[in-house]
Structures are given as C-alpha cells and as structure tokens.
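# Analysis of the macromolecular model
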Amino acid sequence: MPALGFGTLIPDAAVTITASRDALEAGFRHFDCAERYGNEREVGQALQAGLAAGGIAREDIFVTTKLWNSNHRPERVEPAFQASLDRLGLKYLDLYLIHTPYAFQPGDNQDPRDQNGNVIYDRGVTLLDTWRALERLVDHGKCRAIGLSDIVLEDLKPIYESARIKPAVVQVESHPYLPETELLEFCKERGIVLLAFAPLGHGMKPGLLEDAVITGIAARVGKTPAQVLLAWAIQRGTAVLTTPKSAARARENFDIAPLPQDALDQINRIQTRQRLNPVVNTGVPGFIPQRKASVA
Ligand SMILES: NC(=O)c1ccc[n+]([C@@H]2O[C@H](COP(=O)([O-])OP(=O)(O)OC[C@H]3O[C@@H](n4cnc5c(N)ncnc54)[C@H](OP(=O)(O)O)[C@@H]3O)[C@@H](O)[C@H]2O)c1
C-alpha cells in the first residue's frame, strides 16, 4: 500500500472527478473511498479515465472503500461490497474497511433517526459478526485485505484476538494534536498499518497549518506546512490520507521529502491535544455534511 494516499471525502461530484484525476496525474496511486461519501461512481469514472489516458494498470493503484454502518448485518455485507465495486467500476478491491464500529438500523437509510432525532443503532449484530463476513470476502478473492476504521484500541484488541484474518489496516484520525501513540505502537508490533486521516487538521482554521512549530519548520526546510505535516506522518511510520482539491495542491501534497530528526522531535513535543472528528464516539460522521434522513 503506498504510504501516501488520496482521500475522496469530497461533497461535490464534479470536484470529485477533477480532484481524483489531478491526484492520479500528480502521482497518487492510493485512493481512499467510502459508500458513505456518495461519490464512488465519480471516483471510479476519474480512475478509469486516468488509467486509460496514463497507461496505468489496475495493479498499479491501490483502492480502498468502506462498509457503512447501516450494512453491518452479515447478510448485507456482500451486497454492499458488490454495489461499491460496481459503482467504482472495479473487479476487486485492495482493501475493504468497516467504516465505524457502530451498527445502525439495517437498511438503505444511511442516517436512521427516531422521532427525537437520535440515531437508531442495531443491537442485533456484533462487530465480530461483521468482521466474519469481511473475512469471507477475502476467502472468495473479492478483496485483498480488510481492516477497521474509527476504532479505539480497547475495541480493536478483541477483534484482533478473534480474527481468523487479522486486520491489515486501521484508519483513524491522527496528526500532531492527536498522535495516537499507543494505538500506533500496538499496530506496529502486529504488522498492522495505521492509516491517518485529517493529517492537515481537515483544513480547520486556526489549526495545524498555522501552528507556529509547523510554520517555523516549513520556513526552515523550504517546504510548505502541509508538506511538513505529511512528511512527519510518514516518517513516524503511519500511512496517511490527504484531500487536495486542485492540481497545484495535489502536486504540493505529493512532493514531500524527509524532515531532519530535530524537526521531527520538535513536532513530537507539541503539547496541544485536539480530536477534530467525533465519529469515533457515535459513528455519526463529523466531516460529512448531514443530509435529511428522508433523502440520506
Ligand atoms: N474513516 C473516517 O471516518 C474518515 C474521516 C475523515 C476522513 N477520512 C479520509 O481521510 C481523507 C483525508 O482527510 P481530510 O480530508 O480531513 O484530510 P486533510 O488533508 O487533513 O484535510 C483536507 C483539507 O485540507 C486542505 N488542504 C489540502 N491540501 C492543502 C495544502 N497543501 N495547503 C493548505 N490546505 C490544504 C483542504 O482545503 P481545500 O478544501 O481548500 O482544498 C481541505 O480543507 C478523506 O478524504 C477521507 O478519505 C476518513
């Protein structure tokens, strides 16, 4: 799996197509998708066009997508997987993740709510039930690896222990304000890739891109703050996802180089602690614009 990945959490369909194409042209070969992002078709369109135009083979790219919360029931897993595959226009996936450990009421409504606006969870399925269904996808050769997302160490451990096919990847929010050091150590010891999302702080301002430590290092090494944050993520042994939306930013975010050790040390000493995306607490997306339940 290429350590530097392009994330497709892009609400606008047209921007999804241009940004995915620009990412491919800039050199990105790892694409992170999700049924919940509602744009697998557009990502697939951009990938097919880019592969054909650039003489790039399917085997040269690494594509991930994710099972949404309303599809955790084992009998819903294979159909959800196949629907994603069809929308992406692919014959296999490199990686399939359980998007969050929270099972929502099964069905086509991705955001099921009761009359008080509270999420309707599904107590009739465990995370291990869903994991077993993902293992069967690997058995049948439909995807090459499986993993989890938005999971805390305490919930990852029992799945890891019980899994016949171990999680290959754990995708969580991680950046200098949320280094997830304990989870990273657990993953490294077991050969699991920790795949960091929101490495630039999801572009929230003021935030990581304006942090004086980051801007100071950027000025010193002749790189941009975004390049410094992405390099830090890779040098500490995580893989990382970023979402540039223009061709210039795609080139910028792909053009990263190792930082000197003292710069890494300086970033590791940052004391600010901040989780930006509360999805890990409830399964409700923090970065995806909420849609009305009736049209979700
Ligand atoms: N598993 C999960 O629950 C989960 C949750 C969140 C994200 N993800 C995945 O992780 C991916 C990355 O997350 P993210 O979008 O939060 O990543 P991010 O790269 O930290 O944030 C993207 C934001 O950074 C800005 N940006 C990008 N490149 C920049 C640069 N060179 N200089 C200044 N600003 C820059 C973008 O601004 P503009 O919009 O102006 O370009 C955008 O607002 C997502 O696309 C998705 O695939 C997964």
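Computed from a predicted model, the values in this text were never measured in an experiment. (Residues numbered from 1 in each chain as written. Predicted model: local features only at pLDDT ≥ 70, side-chain atom pairs only at ≥ 80, totals over all residues. Heavy atoms only, no water.)

## A few points about the overall build of the protein chain
Which entries qualify depends on this criterion: Secondary structure elements are taken from DSSP: a helix is a run of H or I of four residues or more, a strand is a run of E of two residues or more, and numbering for both begins at the N terminus. C-alpha atoms define the radius of gyration, and 2.2 Å times the number of residues to the power 0.38 defines the globule rule. Only protein chains enter the accessibility calculation, which uses a 1.4 Å probe; a residue is then buried when its area is under 20% of its type maximum, exposed when over 50%, and partly exposed in between. Accessibility throughout is a Shrake-Rupley quantity obtained with a 1.4 Å probe, and a residue counts as covered only by protein chains that appear here. Neither His nor the chain ends contribute to the count of charged residues, in which Lys and Arg are positive and Asp and Glu negative. Charged groups are reduced to one reference atom each: NZ for lysine, CZ for arginine, CG for aspartic acid, CD for glutamic acid.
Of the regular secondary structure elements, the protein chain holds 11 helices and eight strands. Radius of gyration (C-alpha) of the protein chain: 19 Å, near the 19 Å computed for a compact globule of 296 residues. Its C-alpha atoms put the protein chain at 55 × 45 × 40 Å along the principal axes. Across the 296 residues that make up the protein chain, the buried fraction comes to 52%. Summed over all atoms, the accessible surface of the protein chain reaches about 12,800 Å², with 50% contributed by carbon and sulfur. Here the protein chain holds 33 positive side-chain charges and 35 negative ones, and the gap between their average locations is 1 Å.

## Regarding the pattern of salt bridges
Any two side chains of opposite charge can pair, given that their charged atoms come close. To be explicit about the condition: Here a salt bridge means any side-chain nitrogen of Lys or Arg lying within 4 Å of a carboxyl oxygen belonging to Asp or Glu.
Per the stated rule, a full pass over the model turns up 15 salt bridges. Linking E78 and K142 is a salt bridge whose minimum nitrogen-to-oxygen distance equals 3.1 Å. Here E78, found in helix α3 (residues 74–88), pairs with K142, found in the loop between α4 (127–139) and β5 (146–149); they are 64 residues apart in sequence, far enough to count as distant. On the basis of relative accessible area, E78 is assigned to the partly exposed category, the value being 33%. Measuring nitrogen to oxygen at the nearest pair gives 3.2 Å for the salt bridge that ties R132 to E135.

## Digging into the site of the ligand
Under the convention used in this document: Nearness of a residue to a molecule or strand requires only that one of the residue's heavy atoms be within 4 Å of it. Here a polar contact is recorded for every N or O atom pair within 3.5 Å, except that within protein the pair must consist of a potential hydrogen donor and a potential acceptor, and residues adjacent in sequence are included only if both atoms are side-chain atoms.
Close contacts around the ligand come from 27 residues, with D32, D150, H202, T243 and K245 the closest. D150 has a polar side-chain atom sitting 2.5 Å from an oxygen atom of the ligand. Contacts to the ligand include H202, whose side-chain N or O atom sits 2.6 Å from an oxygen atom. Out of a free accessible area of 910 Å², the ligand has 87% covered by protein chains.

## Section: the packing of aromatic side chains
The cut-off we apply is this: Stacked, edge-to-face and tilted labels apply to pairs of Phe, Tyr and Trp rings (six-membered ring for Trp) whose centres lie within 6.5 Å, assigned for plane angles under 30 degrees, over 60, and everything in between, in that order. Consider the ring centre and the ring normal. A charge sits over the ring if Lys NZ or Arg CZ is within 6 Å of that centre and within 35 degrees of that normal.
Following the criterion strictly, the structure yields nine aromatic pairs and no others. Between F6 and F31, the aromatic rings sit 5.8 Å apart at their centres with planes inclined by 65 degrees, giving edge-to-face as the arrangement. Residue F6 is located in strand β1 (residues 4–7), and its partner F31 is located in strand β2 (residues 30–32); the two are separated by 25 residues in the primary sequence. Both residues of the pair, F6 and F31, belong to the buried class. Over the face of the ring belonging to Y160 we find R190, whose NZ or CZ atom lies 5.8 Å from the ring centre.

## Focus on the confidence of the model for the protein chain
This is how the line gets drawn: Values of pLDDT, ranging from 0 to 100, describe the predictor's confidence in every residue of the model. Here, two residues are considered to be in contact whenever any of their heavy atoms come within 4.5 Å of each other.
Summing up the model confidence of the protein chain, the mean pLDDT is 96 and the portion of residues at 70 or higher is 98%. Across residues 292–296 the pLDDT falls below 50, and counting only partners more than four positions away or on other chains, this stretch makes seven contacts in the model.

## Section: the packing of helix α7 (residues 212–221) against helix α8 (residues 225–235)
Applicable threshold: Between N-to-C directions, angles span 0 to 180 degrees; the directions come from axes that are lines fitted to C-alpha atoms, helices contributing only their stretch in contact. Small angles under 35 degrees read as roughly parallel and large ones over 145 as roughly antiparallel, with 65 to 115 read as roughly perpendicular and the rest as oblique. All residues other than Ala, Val, Leu, Ile, Met, Phe, Trp, Tyr, Cys, Pro, Asp, Glu, Lys and Arg, Gly among them, are scored as polar; the first ten of these are nonpolar and the last four charged.
Axis separation between α7 and α8 bottoms out at 8 Å; the angle between their running directions is 100 degrees. Taken together, the axes of α7 and α8 are roughly perpendicular relative to one another. On the side of α7, the interface is formed by I214, T215, I217, A218 and V221, while α8 contributes P225, V228 and L229. Residues that form the contact of α7 with α8 fall into these classes: seven nonpolar, one polar and no charged.

## Focus: the nonpolar core
The cut-off we apply is this: Throughout this description, the term nonpolar core refers to a set of buried Ala, Val, Leu, Ile, Met, Phe, Trp, Tyr and Cys residues connected via side-chain atoms within 4.5 Å.
Core analysis: the biggest nonpolar cluster contains 69 residues, and L93, Y96, L134 and L259 have the highest contact counts within it. Counting residues per element, this core draws most heavily on α8, which supplies seven residues. Ranked by size, the runner-up nonpolar core spans 12 residues in total, among them A145, F197, A198 and A239.

## Considering α3
Applicable threshold: Helix span, expected: 1.5 Å multiplied by one less than the number of residues in the helix. Directions are taken from the helix axis to each C-beta atom, and the arc is the one they span.
Between its first and last C-alpha, α3 extends 22 Å over 15 residues, near the 21 Å set by a 1.5 Å rise per residue. Within α3, the full set of buried residues consists of V77, A80, F81, S84, L85 and L88. Take α3 and look down its axis: the buried residues cluster within an arc of 135 degrees, on one side only. Seen from the open side of α3, the exposed residues pointing more than 90 degrees away from its buried face are E75 and D86. Where α3 is buried, its residues touch α2 (40–54), β3 (62–67), β4 (95–98) and α4. Where α3 terminates, the next one or two residues include G89, which has phi positive at roughly 70 degrees.

## A closer look at helix α1 (residues 13–26)
Look at α1: 20 Å from first C-alpha to last across 14 residues, which is about the 20 Å you get at 1.5 Å a residue. Along α1, the residues classified as buried are T16, A19, S20, D22, A23, L24 and A26. Looking at the buried side of α1, the elements it contacts are β1, β2, α2 and α9 (247–254). Here α1 starts with a cap whose side-chain oxygen sits 3.0 Å from the backbone nitrogen of A14, and that cap is D12. After α1 finishes, the residue G27 shows a positive phi value of roughly 125 degrees.

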